[in-house]
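Secondary and tertiary structure notes
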Amino acid sequence: MDEIVIGPAGPADAGEILTLQRAAYVVEAQLYDDPHLPALVQTLDELTAELTGDLAVKATLGARIVGAARGRLDGPVLRIGRLVVAPDQQGRGIGTRLLAAIEAAAHGEAEWFALFTGHLSSGNIRLYERCGYAETHREQVRPDLTLVHLMKEHR
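My aim in this report is to walk through the structure given alongside it, one point at a time. Just so we're clear, the structure is a prediction, and the values are computed from it rather than from any experiment.

**Notes on the environment of T117**
Locating T117 in the fold gives a position in strand β5 (residues 112-118). For the pair T117 and R82, spaced 35 residues apart in the sequence, the C-alpha separation amounts to 9.7 Å. Once residues lying within four places of it in the same chain are set aside, the contact partners of T117 are N124, I125, Y128, T146, L147 and V148. Of note is the side chain of T117, whose polar atom sits 3.2 Å from the side chain of N124.

Listed below in C-alpha cells is the structure:
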C-alpha cells in the first residue's frame, strides 16, 4: 500500500486540488445548506493564482492528491485556509499532518497561526484544538452561520 507523502503544492496542482476541494466541501455545504460556499464556487484561475502567490502544501497517495492546505502571510500571522482531505481518506491523520506542514512552511516568518471554520463543523474545531489552536472569537455572518476564529502562537 502506498504511503501518504506531504510536500509543497503549486500552480500545476490547481486542477486536481480544485476537484478535491469541491469534493471535501460538499459535506460542509450540506451541513450549512449552502451550495455557494466560497470553496465550491472558486474558479480554476482564482485557485491557480492562490497557488502561485501563497504558501501551499499537498498530501499525495501514489499519484493522487488526497489533501491540501493553503496559507497567506499577513504581517506576523499566517492565515490558514482551505484545509481539505478527500472524503474517502478522512480519519487517517492527513489533516493534522497538513496543518503541521503549512505551519512549517511559514517557519521564521509567522509568529501566529490563524484560521476559522463554521460553528457546526465540530470535527474541524476538535482537530484545530487538538493541534493547539484556541478560539479567539465568533463572527455571525448570517442568521444560520457563525464563524469560529482560532489562533495559535508559533513556538
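**Concerning the packing of helix α1 (residues 14-32) against helix α3 (residues 44-53)**
Interhelical geometry of α1 versus α3 gives an angle of 115° and a closest axis separation of 9 Å. The angle between the axes of α1 and α3 places the two elements in the roughly perpendicular class. At the point where α1 passes α3, the crossing takes the right-handed sense. Two secondary-structure elements touch here, α1 through A14, G15, I17 and L18 and α3 through L44, L47, T48 and L51. Counted by class, the contact of α1 with α3 contains six nonpolar, two polar and no charged residues.

**Some points on the pattern of salt bridges**
For the structure shown, the criterion picks out nine salt bridges. Close ionic contact of K58 with D13 constitutes a salt bridge, the shortest N to O distance being 3.0 Å. Within this pair, whereas K58 is found in strand β2 (residues 55-61), its partner D13 is found in the loop between β1 (4-8) and α1, the two being separated by 45 residues in sequence. On the basis of relative accessible area, K58 is assigned to the buried category, the value being 18%. On the basis of relative accessible area, D13 is assigned to the buried category, the value being 14%. Here D88 ties to R64 by a salt bridge, and the two come within 2.7 Å at their closest N and O atoms. Residue D88 is located in the loop between β4 (77-85) and α4 (94-105), and its partner R64 is located in strand β3 (residues 64-74); the two are separated by 24 residues in the primary sequence.

**Considering the environment of E109**
Mapped onto the elements of the fold, E109 is located in the loop between α4 and β5. Through-space distance from the C-alpha of E109 to that of A68 is 21 Å; in sequence the pair is 41 residues apart. Residues in contact with E109, not counting those within four places in the same chain, are L73, G75 and P76.

**Some words on the nonpolar core**
Counting residues in each nonpolar core, the largest one holds 44 residues, and the members touching the most others are I80, L98, L99, Y128 and Y133. With seven residues, α1 is the single largest residue contributor to this core. In this structure, L98 is in contact with I6, V57, K58, A59, G67, A68, A69, L83, V84 and V85, ignoring residues within four places of it in sequence.

**Comments concerning the sheet that holds β2**
Here we have seven strands laid out as an open sheet, ordered β1-β2-β3-β4-β5-β7-β6, and mixed in their pairing. Each edge of the open sheet is held by one strand with a lone partner, namely β1 and β6 (134-142). Here the average twist between neighbouring strands, direction ignored, is 25°. Where β4 meets β5, three bridges bridge the pair, whose relative direction is parallel. Residue pairing for β5: R79 is matched across the bridge by A114.

Here is what the cut-offs are and how they apply
- Residues numbered from 1 in each chain as written.
- Predicted model: local features only at pLDDT ≥ 70, side-chain atom pairs only at ≥ 80, totals over all residues.
- Heavy atoms only, no water.
- Helix = DSSP H or I, 4+ residues; strand = E, 2+ residues; numbered from the N terminus.
- Contact = heavy atoms within 4.5 Å.
- Polar contact = N/O pair within 3.5 Å; in protein donor to acceptor, adjacent residues only side chain to side chain.
- Axes fitted to C-alpha atoms, helices over the stretch in contact; angles between N-to-C directions.
- Parallel < 35°, antiparallel > 145°, perpendicular 65-115°, else oblique.
- Left-handed = near helix turned anticlockwise from the far one by under 90°.
- Nonpolar A, V, L, I, M, F, W, Y, C, P; charged D, E, K, R; others polar.
- Salt bridge = Lys/Arg side-chain N within 4 Å of Asp/Glu carboxyl O.
- Buried < 20%, exposed > 50% of the residue type's maximum accessible area, 1.4 Å probe, protein only.
- Core = buried A, V, L, I, M, F, W, Y, C linked by side-chain atoms within 4.5 Å.
- Pairing = 2+ DSSP bridges.

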